[in-house]
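# Coordinate inspection notes
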Amino acid sequence: MVTMMSVEERIRFLLRTAIRAEGAGEEKIARLFRRMAEDMRTGESALLLRGSVFRVAVD
């Protein structure tokens, strides 16, 4: 199944993943996901346009 994910939803996904990584003791991974979310929030992600939508495959 393929679903659409807005930039805002992607940011929330990245932050939830960071929280889970922190809970598992993976601080370096958590920082990476938080940085990715911040880059998207501030528009520093070079590959994204405003209003971009992601397709996510779900098993």
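Look up: the structure comes first, before these words.
Below is a short write-up of the structure. Keep in mind the model is a prediction, meaning the values are calculated, not measured.

Before going further, it helps to examine the environment of phenylalanine 33. Secondary-structure assignment places phenylalanine 33 in helix α2 (residues 27-42). In the structure, phenylalanine 33 is positioned 19 residues away from leucine 14 in sequence and 5.5 Å away in space, judged by C-alpha atoms. Beyond its immediate chain neighbours, meaning those up to four positions away, phenylalanine 33 contacts Leu14, Thr17 and Ala18.

Moving on, we get to the pattern of salt bridges. Applying the stated criterion to the full structure yields 3 salt bridges. Its salt-bridge partner being arginine 35, residue aspartate 39 comes within 3.0 Å of it at the nearest N-O pair. Linking aspartate 39 with arginine 35, this pair stays in helix α2, spanning 4 residues, or about one helical turn. The partner of glutamate 38 in a salt bridge is arginine 41, with the nearest N and O atoms 2.8 Å apart. Of the two residues, glutamate 38 and arginine 41 both sit in helix α2, 3 residues apart, roughly one turn of that helix.

Once that is clear, we can look at α2. The first and last C-alpha atoms of α2 sit 22 Å apart over 16 residues, in line with the 22 Å expected at 1.5 Å per residue. Taken together, the buried positions of α2 are Ala30, Phe33, Ala37 and Met40. Down the axis of α2, the smallest arc covering the buried residues is 90°, so these residues share one side. Structural note: α2 exposes Lys28, Arg31 and Arg35 on the side pointing more than 90 degrees away from its buried face. Once α2 finishes, glycine 43 follows within two positions and takes phi at roughly 80°, a positive value.

The rules behind the values
- Residues numbered from 1 in each chain as written.
- Predicted model: local features only at pLDDT ≥ 70, side-chain atom pairs only at ≥ 80, totals over all residues.
- Heavy atoms only, no water.
- Helix = DSSP H or I, 4+ residues; strand = E, 2+ residues; numbered from the N terminus.
- Contact = heavy atoms within 4.5 Å.
- Salt bridge = Lys/Arg side-chain N within 4 Å of Asp/Glu carboxyl O.
- Expected span 1.5 Å × (residues − 1).
- Buried < 20%, exposed > 50% of the residue type's maximum accessible area, 1.4 Å probe, protein only.
- Arc of directions from axis to C-beta.

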